[in-house]
Structure formats: structure tokens, C-alpha cells
Amino acid sequence: MSDKEEKKQENTPVVKDLQENIRGYKEIFSDCADIKMREMTLGKEQNVGCFVAYIEVTGGSAIFEKSMIGNLLNSLGNCSKEEIWKRLNENARGLSDVSPFETMEEAADGMLTGDTILFVDGYDKALKIPDKGYPGMGVSEADSEKVIRGSNEGFTDSVKTNTALIRKRVRSPKVKVREIKAGVRSKTNVDLVYIDDLIYPDVLTEIERRLDGYEIDGVLDSGIIEQLAEEKWYSPFPQFQTTQRPDRAAMAILEGRIVLLSDNSPVALILPTDYNSFIQTSDDYYSRWEIASFGRMLRFIASFFAMTLPGLYLAVCNFHTQILPTTLLLSFAAARQGVPFPGVVEVLLMELSFELLREAGVRLPGAMGNTIGIVGGLIIGQAAVEANLVSPIVVIVVAFTALCSFAIPNEEFATAFRLLKFAFIGMSAWLGFFGFLLTLLALLIHLSHLHSFGIPYLMPFVGADVTGYEDERDSFVRIPIFLLKRRPIFAKRNNRVKLRRKE
Amino acid sequence: MFSNNQKISKRQITRLLIYDITGISTLLLPAMLARIVGKDGIFCIFFALIPAYLFTALMGALQKKMDAPYPVYIRKKSGRAVSSVIFAVYYLYSILLAGYVLYVLSCLIQTSLLKGESYWLICICILALGGYGIMGGMEDRARIYEILFWFLMIPLLLMLLLAARDVNPDYWTPVFSSNLSDFAKGTVLVFLFYLLICFVLFLGAFETKRGDGIKAAKTSLKVAALLNGAVFLITLGMFGEKALQGMQYPVITLMSMVKLPGGFFERQDAFMVAIWFFTIYALVNSSMFYGTEVLKHMIGKKGKKRYVLVTLVLTFLAAAMFYRSAFVLRMGEKYFLYIGIGFVVLIPLLFAIFSRKKSGEVSE
């Protein structure tokens, strides 16, 4: 269809003549075997025609007995013609969530959200009546971000369910949900969830502007929105935080942030974000402050080593052996005896093998995914050492690096460290500790340039005086919860108090 | 909402200035002072605080009179021709300083970490990062040093504490054995390093609150004096005056001698070089940044990248000249000592004396 014809069709009004409406609707959905359309009659004298259209799986066989459309049709079954029209104008709209449409295109869009469309002869609007909706997975455990303590609920593919999961946790009328359609053809529902009096309106305006900045065919996951809406696309560091946990999302909106939910995606985006947010987990706040602080410090250190350990190993062993005690040095040398490759090749070989194992483990189904870990870790690693392809020290370094990357709670954030690790390996192999320092400095400069909706990525370690150093109390360590009285920098300045002791 | 307005806090300025001063001074001063004034170098370190504080007061007095950022104020007060000359002097000072410090850092890396590696490669790598660092502006620069501060200071203080155990106090005496002329030279030398706070005048446009820069300068001078005093006493106490005179980077040698309890590391000088890498890089970056700002005001056209490029090229040329020619190096050191100090102190002094106070806020 040409653009001109598409534009002409955008404004086809719903008319009182039922047959014309039927013709128009059938034309829109020609060759759609999954769209069911039924003509029926209503009224005491069965002289009022009506037309019902729905997507096959969204309406069940019990559609007319138990659903809202069935109840509506039954209630109109004993009315006269005039009463039918009166009821449709007055009562039908009293039913919750019934939306009238004035154009055929709106009616078509409405049906495609998973609801039923009703046309009635002599009535110049189409009614969208809620129905079973599209099939989807129910609320199940989150795949990632496992916690020791706290809810295990995870987001689903339905944006409505996900919104409800957040509202279940924050039962305030100040929680607002702004709905946007993304994708010209997919018309994916995207919800922005936030607390009205906590957010900076500029942030909301900015995300809406960015969402509106592209015309794309289809948005099938929040990942597409994330990539289109981020400012520095070339940075390996994500500028949106992702989560599959409703409690994390609820916590985020209580901090004054915005949660973006996309239909058909169990991954929510949280904005703005910073480095510190990626290291925090939900159970940091459910556990006591000592263990929470210990876990935090461990994760921060892990994030550093996940990126730098192989490079540091290469720098020390190839360039600055004087750092190590003689016995350790001799031990390393003995372990490397017979290995034909230079250290950098060993490290790259093991790192790439590990990345392959990780990728294979993700792609393989269920039980085989677990097996690959054993096959890869024990058999291949052991075999490589015994064949003198790599030294045991390198296996230990690579394994420890992998453990460190697994300790990072957010997978997208951990990916940045996985990628940067290779830069450190390259530079350290080339220029030793100087190369390591150059890469570290380049990384710091990059992070200092990075923002997420105006918030510096390195908050609260930089510019902490803006919040009176309050945010630092919940960064490297987490002080006791009764001392965390203020919301972080994301929240509106005059509304930061979140905890008060009752006298 | 956090605004990216290129304003930095007092904490950030203080940390920036501490890096600028202490990095290069702790590396070079101990040997230089030992050569010029011997054991009395410790007194020079603290005595030089007097002219440094006087200079800070001068800058404070000038800042009160300024109704615009320093370069704009110079332009307003002295007209286009004279201000261009003043900018040229400042720019030359920045470039030579950046080039000299880059040369020192490259030599340090070459001798401590990468023996036999090309000086040019090291120089270009640091310069490239310097250019990248400048592009983000003042706020982004300040963030790097703010976050690194304790990561560098804590290991340094720890190492100094451990080294202090092995100090021989006999090496500190006898004191007051140098003559007045040598003492004055030593004080001027230390003052030269403290004079790096002169860039505070250019910080006016970037301060969150007016006067933060001056307060930060005072704090950083105190820290610099204490750190330099500690390093001088410890290196003197470890090596003695004669050995210290012959060393190039005594503090690095010190780091190689300190034994960490536990014995996990045999030597940690390679790791400790990281402290001087970051701090001296900070000074290279600062000099190039202020140089770029001056150039921008001198030429007056928009476009940041071209000014950064010009500054990078000239800095590289300066570092190359210092490396290739011992004569140029000597001349450069003399320039800083006699001409550099003179201009950097004289220009604000003249403005402070001859310009009247204007009311109004500092604005661009």
C-alpha cells in the first residue's frame, strides 16, 4: 500500500451503517486467518445487527458465556433498538475499561492489543471491550539477580502485569504510569513508571523526547529502546540500569528514578543510573549493614579485578618480575616450563575459551547448559594444562577473573568489564605496567565523561558535596538503615527525606 | 537535577592543586634541594610557604576586584594588544611547563618501568591521553582526580610510614650549615613549585562559590609542604646528603627499598610509580588545559578541538626539545626560575595594584 493510501485510510470513520463498517474492517484484516469475525443480532426483536471481531487466542470458546463482551451482549439481548443505543452510550461505558473508537484504524489498533471490538448497527462508534488478552508467561522467579533474602518474583512479558507488580509494592496514588506507543508497526506499549513528587520533570521530558526521536518498525524488547535512547552509544558501559526484579524497580522509583517497562520484555530499564547503582543489589537493604557492606566492598573489588587481573598478571610476569618474591617467581617459572606460547597468547587462549564456554552455556538448553560447565571447566582446562598448552597459573588467573565478573550483579554492566579486560590484556602485554596505567587512566577519563540523564556516572564518588556527602554513606559501604535518611541525588532536591524517627 | 555546568567544588579544586604541586615536587625536590642547600632543605620547604601565601593573598585581592573571569578581565583592563602579549606569556609558560613535566614523566616511565622503550612512544601515549582528558572540560578533569585521591594518598602515606622506621636521624644533622645565598636559592626553588597555584586565577570561571580557589590553594600549599617535608626528611634520613645529591628520583628508589609486612611483594616501586604517573599526568593535563583556555581567549574564535590540537603539538615539541638538547633543558629550567616566576607573579601584581575594584559577579 502506498503512503498516500495509508494516509487516506488513517481517518476512516466508523459509520452507523453496520455493513459498511464490516466491509471496511474485513478489508483491513483481509488474509488474516487468526482474526475471528462474527455477525450477530441483538435486541428483543433480534433486529439490530452487530459485529464482533477478536484475535483467536485472545478470546476463548467461552467468550460469550463468561467474558465481559458476553455479558454485554446478553444484557442487550432484551432491549429495543433505541434502548440498545442508549445503553451503549450510557451504560456500556460504565463498564470498566470499555473504550469507544471513532475511526476504523483506532478500532483495528484496539483489537490488536488483545481485546474484542464490537460494532452495532446504527451506532457510529466501535467499542473495545477487555478480554483474555494475549497469552504470556505468568509471574515466575527472576532468571538473574538472585538474592539470598527477599522476594523472588520476576517481571513477565506483559507490561500490564509488570506495572501491577510495581504498584503492588508502592501503593501510592503518586505512582504515575505514562503510556507510550513505540514502533510504527509493532505499536508496542511502553510504560514509564515514576513517583510524581520525587522525580525531576526534566528527566521525564528528556526520556520522552528520546523515545520520540526515532521512528522504528518494531520494538520487540526493552533492549532496542535502550540502545536507541542512550546518549553515548559507543561506550561499553550501559547508561540505563536493567532489572528483572519488581522489588528493584520499586526501590528505584522510591529513589526518584523512572522505570521504563516495555511490552513483551521481562527486563525493565531504570534511569538515571550511575556506577554505584549497578553494584547495589536488592538484598543489600534487606540484610544487616555489616554483611551488606562486606558484600558491597567485595563487589567493587571484584569489578576492578574482573577487568584488570589478567593484564596485571601479564605486566608483572613479563615486565616487572622484581615485584614478586623469588620463591613465587620460581614457582611461576616452573609452572610455565614447556609451554610453547608467550604469556599473552596463553591468557588470550584461556579467556577466549572461557567466553566460548559462557556463550555455549547460555545457548544450550537446560541440563546441557549445566553440563558444559563441567566439561569446559574440568576437562578442557585440565587437559590444556596437562598438554602444556597453558600453565596452571593462567587457568587460576582466568578462573578468578571469571568469578569476579560473576559477582557483578548486573549482567549488562559486567559485559563492559568482560570487554575491557581484553584492552588491559593488550596494553599490558605491549607496555607492561605503563600500558596498564594508560588503559586505567583512559577508562577513568571515559567514565568521568559519562552521564546518565545528567547524573555523572561516577556519583557518588564525585561531586558528593552536592548532596552533603549523604550519597557516599550508601556506596562502598552501606551504613545502618536507620541512618540512611535521605534519598539519593536522583530525587528532587526539596523532597529527599525518606526516613524520620517518630519521637 | 545535576547540571553539567563546568563548575567544580572546593574539594575538587583542592585535590587538583594537591596533585599539581606534590606530584612533581616530591619527585624532583629532594635531590635538587640536597644539591643546592643540603640538609637545610627542610627549612626551605617551609620557609617558601611565606612567599607562597603572600602570592595567594595577592591572588585573593585581585579576584575580589575582578568582575569577569581572569582572561576576560585582562582583556578588558589592558586592551587587545597588551592583553595578547600577556596571554602569549601565559601560554608560553603553560606550554613549557607542560612540555617539561611531560619530559620528566616520560623519563621516569622510561627509567622505572620500561627500560629500553622509546621515549617518543611513551611521550605520545601520555600526550594522547592528555588531549582526551582535556576534551571533557574542567568538571570531567576534576572528577578523575577526586576519585583517585585516596587511592593514591593512602598507599603513599603508608609507604612513607613504613620507610620512616629505617630512617637514620643522624643524617639530618648538622642543620644551618648552608650559607644565606644557597638558602635563598633553595627557597626560590621550592617557591617555583608552589607557584603552580598561579592557575587558581584561571579557575575563577569554574568555581561553584567565589573564593573557593583561594581557600583550596591555601590548603593545598599546607599539604604540599607537609608531604614534601616528610619525603625530604625520609629520603635524607635513608640515603644521606651525598647519596641524595646523586640520585635522579630518590623517592622512587625509596619505594623500592621499603619492605611491606607479609612479604607478598618483593619490591613495589613499579606499583608505586603509579602515584607519580597519575599526579604528574594531572599537572601535564592542567598546564595544557589552562594553556588551551588562554589560547582560546587570545585568538578569540570558537572551536575547542583546534586549540587542543595546537597545544598538544606545541607541548610535544617542547618535550622533544627538552629531551634532545641538554642546553634547551638548562635554559628551560632557568626560564622557569627567573623569567617564569617573575611574570607569573608580576602580572597579577600589576593588575592588583593598578586596577580599581568593580562590583558585580564573576561571569563569562
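Basis of the calculations
Residues numbered from 1 in each chain as written. Chains lettered and ligands numbered in written order. Predicted model: local features only at pLDDT ≥ 70, side-chain atom pairs only at ≥ 80, totals over all residues. Helix = DSSP H or I, 4+ residues; strand = E, 2+ residues; numbered from the N terminus. Rg over C-alpha atoms; globule rule 2.2 N^0.38 Å. Buried ≥ 20, exposed ≤ 12 C-beta atoms within 10 Å, placed from the backbone. Contact = placed C-beta atoms within 7 Å. Core = buried A, V, L, I, M, F, W, Y, C linked by C-beta atoms within 7 Å. Nonpolar A, V, L, I, M, F, W, Y, C, P; charged D, E, K, R; others polar. Pairing = 2+ DSSP bridges. Axes fitted to C-alpha atoms, helices over the stretch in contact; angles between N-to-C directions. Expected span 1.5 Å × (residues − 1). Bend = angle between axes of the 7 residues up to and from the residue. Domains from an automatic or database assignment. Parallel < 35°, antiparallel > 145°, perpendicular 65-115°, else oblique. Left-handed = near helix turned anticlockwise from the far one by under 90°.

(A) Inspection of the overall build of chain A at higher detail. When you go through chain A residue by residue, the secondary structure sums to 18 helices and 12 strands. Taking 23 Å as the expected radius of gyration for a compact globule of 503 residues, we find that chain A reaches 29 Å, considerably beyond that expectation. If one aligns the C-alpha atoms of chain A with their principal axes, the spans along those axes are about 100 × 65 × 45 Å. Put simply, chain A has 503 residues, and 43% of those count as buried. The contacts of chain A with a sequence gap of at least 6 include a subset with a gap of at least 24, amounting to 65%.

(B) Examining the nonpolar core more closely. A:V259, B:V101, B:Y194 and B:I280 are the most contacted members of the largest nonpolar core, which totals 222 residues. When near neighbours in sequence (up to four residues on either side) are disregarded, B:V101 contacts B:I24, B:I280, B:L283, B:V284 and B:S287. In terms of nonpolar packing, the next biggest core, distinct from the first, is built from 28 residues, A:Y25, A:L76, A:F101 and A:V120 among them.

(C) How the structure looks around the interface of chain B and chain A. Between chain B and chain A, the residue contacts involve 29 residues of the former and 32 residues of the latter. Residue assignment for the side of chain B that touches chain A shows that the elements contributing at least two residues are helix 5 (119-135), helix 6 (138-164) and helix 11 (269-299) of chain B. In terms of residue class, the side of chain B that touches chain A is made up of 16 nonpolar, seven polar and six charged.

(D) Highlighting the sheet that holds strand 3 (residues 99-101) of chain A. Residues and elements named next belong to chain A. Ordered in space as 1-2-4-5-3, the five strands form an open sheet in which the pairing is antiparallel. Every other strand in the sheet has two partners, leaving strand 1 (35-42) and strand 3 as the edge strands with one partner each. Neighbour to neighbour, the strand axes of the sheet diverge by 25 degrees on average, direction disregarded. Pairing of strand 2 (residues 48-55) with strand 4 (residues 116-120), which is carried by four bridges, proceeds in the antiparallel orientation. Directly across from C50, in strand 4, lies its bridge partner V120. Strands in contact with helix 2 (residues 18-28) are strand 1, strand 2 and strand 4; relative to strand 2, the strand with the most contacts, it is inclined by about 15 degrees. The strands touched by helix 6 (residues 104-112) within the sheet are strand 2, strand 3, strand 4 and strand 5 (126-129), with strand 3 carrying the most contacts at an inclination of about 145 degrees.

(E) Region of the structure containing helix 18 (residues 411-449) of chain A. When the terminal C-alpha atoms of helix 18 of chain A are compared, their 22 Å separation across 39 residues is substantially less than the 57 Å that a helix rising 1.5 Å per residue should span. Along helix 18 of chain A, the sharpest change in direction is near 145 degrees and occurs at A:L431.

(F) View of the domain arrangement of chain A. Each domain of chain A was delimited in the assignment, giving domain 1 (3-129), domain 2 (159-273), domain 3 (289-455) and domain 4 (459-495). Of the residues that constitute the side of domain 3 of chain A that touches domain 4 of chain A, the class distribution is five nonpolar, one polar and one charged.

(G) A look at the pairing of strand 9 (residues 258-262) of chain A. Residue and element names in this part refer to chain A. Within strand 9, five of the five residues are buried, which leaves the element mostly enclosed by the surrounding structure. The pairing of strand 7 (residues 188-195) with strand 9 spans four bridges and is classified as antiparallel. Along strand 9, the bridge assignment pairs L192 with L260. Bridge analysis of strand 9 against strand 10 (residues 268-271) gives three bridges, and the strand direction is antiparallel. Paired with V259 across the strands is I270, a residue of strand 10. Where strand 9 folds back on strand 10, the antiparallel hairpin that results is connected by five residues, among which N264 adopts a positive phi of roughly 70 degrees.

(H) Up close: the environment of B:E207. Residues and elements named next belong to chain B. If you trace the backbone, E207 turns up in the loop between helix 7 (180-194) and helix 8 (212-239). Of the residues examined, E207 has 24 C-beta atoms within 10 Å and is grouped as buried. Apart from the residues lying within four places of it in its own chain, the contact partners of E207 are K7, D212 and G213.

(I) Layout of the sheet that holds strand 7 of chain A. Residues and elements named next belong to chain A. The sheet built from five strands is open, its strands ordered 6-7-9-10-8 with antiparallel pairing. Each of the sheet's edge strands pairs with one partner strand only, and the pair in question is strand 6 (175-182) and strand 8 (241-243). Taking each pair of neighbouring strands and ignoring which way they run, the sheet shows an average axis angle of 25 degrees. Contacting strand 6, strand 7, strand 9 and strand 10, helix 8 (residues 201-211) crosses the sheet at an angle of about 170 degrees to strand 7.

(J) Seen up close, the packing of helix 13 (residues 289-318) of chain A against helix 17 (residues 392-406) of chain A. Residues and elements named next belong to chain A. Contact geometry for helix 13 and helix 17: axes closest at 7 Å, N-to-C directions at 160 degrees. Relative to helix 17, the element helix 13 is oriented roughly antiparallel. In the crossing of helix 13 with helix 17, the sense of the turn from one axis to the other is left-handed. The residues of helix 17 that touch helix 13, namely those facing A302, F305, A306, L309, P310 and Y313, are V397, V398, F400, T401, C404 and S405.

(K) Just the environment of A:L352, in detail. Within the element layout of this structure, A:L352 appears in helix 15 (residues 343-363). The spacing of A:L352 and A:F422 is 70 residues in sequence and 9.8 Å in space, taken between C-alpha atoms.

(L) Structural view of the packing of helix 11 of chain B against helix 12 (residues 304-324) of chain B. Residue and element names in this part refer to chain B. Packing of helix 11 against helix 12 leaves a shortest axis separation of 9 Å and a crossing angle of 125 degrees. It follows that helix 11 is oblique to helix 12 by the angle criterion. The interaxial crossing formed by helix 11 with helix 12 has right-handed handedness. Counted together, M288, G291, T292, L295 and K296 of helix 11 and Y307, V308, V310, T311 and T315 of helix 12 form the full contact between these two elements. When its residues are assigned to classes, the contact of helix 11 with helix 12 shows five nonpolar, four polar and one charged.

(M) Spotlight on helix 17 of chain A. The terminal C-alpha atoms of helix 17 of chain A lie 21 Å apart, and with 15 residues this matches the ideal 21 Å at 1.5 Å per residue to within 8%. Of all the residues in helix 17 of chain A, the buried ones are A:I393, A:V394, A:V395, A:V397, A:V398, A:T401, A:A402, A:C404 and A:S405.

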